[in-house]
Amino acid sequence: MKKTKFFNLHEKLGAKIVDFAGYKMPIQYSSIIAEHKAVRHSVGVFDVSHMGEIFIEGDRALDFVQLITVNDASKLNAGRVQYSAMCYEDGGIVDDLLVYCISDKKFMLVVNASNIEKDFEWMNKQNHFGVSIKNLSDDYSLLAIQGPNSKLLLQKICDFNLDLEYYHFKVGKCCGVEMIVSRTGYTGELGYELYFQGDEEVAESVWNQIFEAGKEFNILPVGLAARDSLRLEIGYCLYGNDIDQTTNPLEAGLSWITKLNKQNFIGKEALLKIKNLGLSRRLVPLLVEEKAFPRQGYEVSHQGKIIGKISSGTVSPILEKGIALAYVDYDYSKEGIELTFNNRGKDVSAQIVKLPFVNR
Amino acid sequence: MNIPENLKYTVDHEWISIEGNVGTIGITEYAQGELGDIVFVDINPKLESLTKGAIFGTIEAVKTVSELFAPCNGKVLEINSALADSPDLINRSAYEDGWIIKIQIEDSENLSSLLSAEEYRTQIGK
């Protein structure tokens, strides 16, 4: 099991530590609900250093990124970030990722911790462009600072102006350390992600400066459990739950990043075929009014007929209602349709709603 | 880990305090910690009796859901009504304010199969 450079801090803070994607990670510090609300109402900090950073560099770096990802990376210029995915030839998803355009010859791909090795191998197999592919995941720490007060906080300790548009980044000094600061996150709130190198001492110094600056905002450290409830309230997909090699981006609601008119990318032909034949199922958001909560793996029915399965489910700490993402037969995937899920023997009704679950 | 000596325990992480033939049942400090923030305790308000080993309710936490198993047979005397508005009482006070159900114990001779504090501590490895 690997540890991030913040591990000792997590232990000192009394975090509950779990094994996650090969790392010892904090799942909860104080209370999931308190941590969740800190992010929605003020500011919270996540250690997400387990995420992978893979650097692509070379004259044909853009051609390479275009081939392996479904979104159109040619739309990027230096300082921009794009949400994207990598697909197999059959349209199944290798991983979802962020593409950082450092220059037209250098990109940073941020991938899921559980997929770092798989993605790195996959990328190397597709390298017909002579680009350099470096997995620097162990070198980089990543902190996500999320919440309406994140900008006020971060501006206090950042040497450069943080007026960043959504999905843009700057490179500069923050907390005395050179870092990539992007306006990105997995919570649906105003927020920033900080990528930087250095040992435990550097990491702890950055963490301590953030928490010192965050005192006036009642900043809290936030664990993976609240990270999950926060992303689900917005309806963001989680690899391993809502998307994987058996699902394609079209049925997962990721058509908006899948540029089928792009010249060529791995999976394009299969996805075009799937689109022309029509989708067989779709990932839909379900809202539950009863006090019975949807959980991953529960079957979903329409008038007694099983038509799908829940891929992610929890109690929304903000709505205090059950929320879920579920794959259901296309015929029953329209907004407004009443479905039921089986909650250990009891039928509970759930309605297909619009994302996000929480009013933005 | 707080595991009071004066209580009895089950392998399913319930505790029971026994006073005369009245048993008060809840879940352990360890169990509430594993569950995380508890948001709903689901017990049929018309529940009349418990059967040893049978499910008598569920606990919904943000992260997961867990079932409640009866430590012994008994007639239901009272369900903790405070949990309806404050299910997190279990998180804050697993052995006191967060009690779940009170019963009149019907098979006191079977109580010997319950775990002592020490046996329970060994079981959870703390």
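Conventions adopted
- Residues numbered from 1 in each chain as written.
- Chains lettered and ligands numbered in written order.
- Predicted model: local features only at pLDDT ≥ 70, side-chain atom pairs only at ≥ 80, totals over all residues.
- Heavy atoms only, no water.
- Helix = DSSP H or I, 4+ residues; strand = E, 2+ residues; numbered from the N terminus.
- Rg over C-alpha atoms; globule rule 2.2 N^0.38 Å.
- Buried < 20%, exposed > 50% of the residue type's maximum accessible area, 1.4 Å probe, protein only.
- Contact = heavy atoms within 4.5 Å.
- Areas by Shrake-Rupley, 256 points an atom, 1.4 Å probe, with all protein chains shown as cover.
- Lys, Arg positive; Asp, Glu negative; His and termini not counted.
- Charge placed at Lys NZ, Arg CZ, Asp CG, Glu CD.
- Pairing = 2+ DSSP bridges.
- Core = buried A, V, L, I, M, F, W, Y, C linked by side-chain atoms within 4.5 Å.
- Domains from an automatic or database assignment.
- Axes fitted to C-alpha atoms, helices over the stretch in contact; angles between N-to-C directions.
- Parallel < 35°, antiparallel > 145°, perpendicular 65-115°, else oblique.
- Left-handed = near helix turned anticlockwise from the far one by under 90°.
- Nonpolar A, V, L, I, M, F, W, Y, C, P; charged D, E, K, R; others polar.
- Phe/Tyr/Trp six-rings, centres within 6.5 Å; stacked < 30°, edge-to-face > 60°.
- Lys NZ or Arg CZ within 6 Å of the ring centre and 35° of its normal.

### Brief notes about the overall build of chain B
Consideration 1: When its secondary structure is counted, chain B shows 4 helices and 9 strands.
Consideration 2: Start at the N end of chain B and walk to the C end: the helices and strands fall as β-β-β-α-β-β-β-β-β-α-α-β-α.
Consideration 3: Expected size for 126 residues packed as a compact globule is a radius of gyration near 14 Å; at 13 Å, chain B falls within 12% of this value.
Consideration 4: Counting only C-alpha atoms and orienting by the principal axes, one finds that chain B spans roughly 40 × 35 × 20 Å.
Consideration 5: A buried classification covers 50% of the 126 residues belonging to chain B.
Consideration 6: Relative to all contacts within chain B whose residues are 6 or more apart in sequence, the contacts with residues 24 or more apart total 60%.
Consideration 7: Working note: accessible area of chain B is about 6,000 Å², and carbon and sulfur atoms make up 45% of it.
Consideration 8: One way to put it: in chain B the 9 positive side-chain charges average out to a point 1 Å from where the 21 negative ones average out.

### Description of the sheet that holds strand β8 (residues 74–79) of chain B
Residue and element names in this part refer to chain B.
Consideration 1: A sheet is described by the order of its strands in space; here 6 strands give the open sequence β1-β2-β3-β9-β8-β5, paired in antiparallel fashion. For this open sheet the edge positions go to β1 (8–9) and β5 (49–50), each flanked by a neighbour on one side alone.
Consideration 2: Two strands pair when backbone bridges link them, and strand β2 (residues 14–19) and strand β3 (residues 22–27) are joined in this way by 6 bridges, in the antiparallel orientation. Bridge assignment links Ile16 to a residue of β3, and that residue is Ile25.

### Some details on the pairing of strand β16 (residues 299–302) of chain A
Residue and element names in this part refer to chain A.
Consideration 1: Taken together, the 4 bridges between β16 and strand β17 (residues 305–315) define a ladder with antiparallel strand orientation. Counterpart to Glu299 in the pairing with β17 is Lys309.
Consideration 2: Hairpin connection, β16 to β17: the antiparallel pair is bridged by 2 residues, and Gln303 has positive phi, about 45°.
Consideration 3: Judged from the 2 bridges that link them, β16 and strand β19 (residues 338–343) form a sheet pairing that is antiparallel. Across the sheet, the residue bridging to Val300 is Phe341, located in β19.

### A few points about the nonpolar core
All names here are of chain A.
Consideration 1: By size, the foremost hydrophobic cluster in this structure holds 79 residues, and its most contacted members are Ile56, Tyr100, Phe107, Met123 and Tyr195.
Consideration 2: Residue contributions to this core peak at 7 residues, all from strand β7 (residues 93–103).
Consideration 3: Of the residues that make up this core, three or more belong to each of domain 1 (2–49 + 138–233) and domain 2 (280–355).
Consideration 4: Apart from residues no more than four positions distant in its own chain, Tyr100 is found in contact with Arg80, Val81, Lys106, Phe107, Met108, Val110, Phe169, Ile180, Ser182, Thr184, Glu193 and Tyr195.
Consideration 5: Grouped together as the second largest cluster of nonpolar side chains are 31 residues, Tyr29, Cys158, Phe160 and Trp207 included.

### Looking at the packing of helix α5 (residues 150–157) of chain A against helix α6 (residues 200–214) of chain A
All names here are of chain A.
Consideration 1: Running from amino to carboxyl end, α5 crosses α6 at an angle of 120°, the nearest separation of the two axes being 9 Å. Considering the angle they form, α5 stands oblique to α6. As α5 packs across α6, the resulting crossing turns out to be right-handed. Between α5 and α6, the residues in contact are Leu153, Lys156 and Ile157 and Gln209, Ile210, Ala213 and Gly214, respectively.
Consideration 2: For the contact of α5 with α6, the residue count by class is 4 nonpolar, 2 polar and 1 charged.

### Here's the deal with the packing of aromatic side chains
Consideration 1: Summed over all chains, the structure comprises 15 aromatic pairs over all chains.
Consideration 2: Arranged with centres 6.2 Å apart and planes meeting at 70°, the rings of Phe64 of chain A and Phe129 of chain A form a pair that is edge-to-face. Of this pair, Phe64 of chain A sits in helix α3 (residues 61–68) while Phe129 of chain A is found in the loop between α4 (116–125) and β9 (132–135), placing the two residues 65 residues apart along the sequence.
Consideration 3: Judged by centre distance (5.0 Å) and plane angle (70°), the ring pair of Tyr88 of chain A and Trp122 of chain A falls under edge-to-face. Of this pair, Tyr88 of chain A sits in the loop between β6 (80–87) and β7 while Trp122 of chain A sits in helix α4, and the two are 34 residues apart along the sequence.
Consideration 4: Members of the aromatic cluster, connected to one another through ring pairs, are Phe6, Phe196, Trp207 and Phe211 of chain A.
Consideration 5: Over the ring of Tyr327 of chain A we find Arg281 of chain A; its NZ or CZ atom is 4.4 Å from the centre of that ring.
Consideration 6: For Lys102 of chain B, the ring lying beneath its charged end belongs to Trp99 of chain B, and the centroid distance is 4.1 Å.

### Quick look at the packing of helix α2 (residues 32–41) of chain A against helix α7 (residues 224–234) of chain A
Residues and elements named next belong to chain A.
Consideration 1: Where α2 contacts α7, the two axes come as close as 9 Å, and the packing angle between them is 50°. Judged on the interaxial angle alone, α7 and α2 are oblique. Handedness of the crossing formed by α2 with α7: right-handed. For the pair α2 and α7, contact is made by Ile32, Glu35, His36, Val39 and Arg40 and by Ala225, Ala226, Ser229, Leu230, Glu233 and Ile234, respectively.
Consideration 2: Taken together, the residues that form the contact of α2 with α7 break down as 6 nonpolar, 2 polar and 3 charged.

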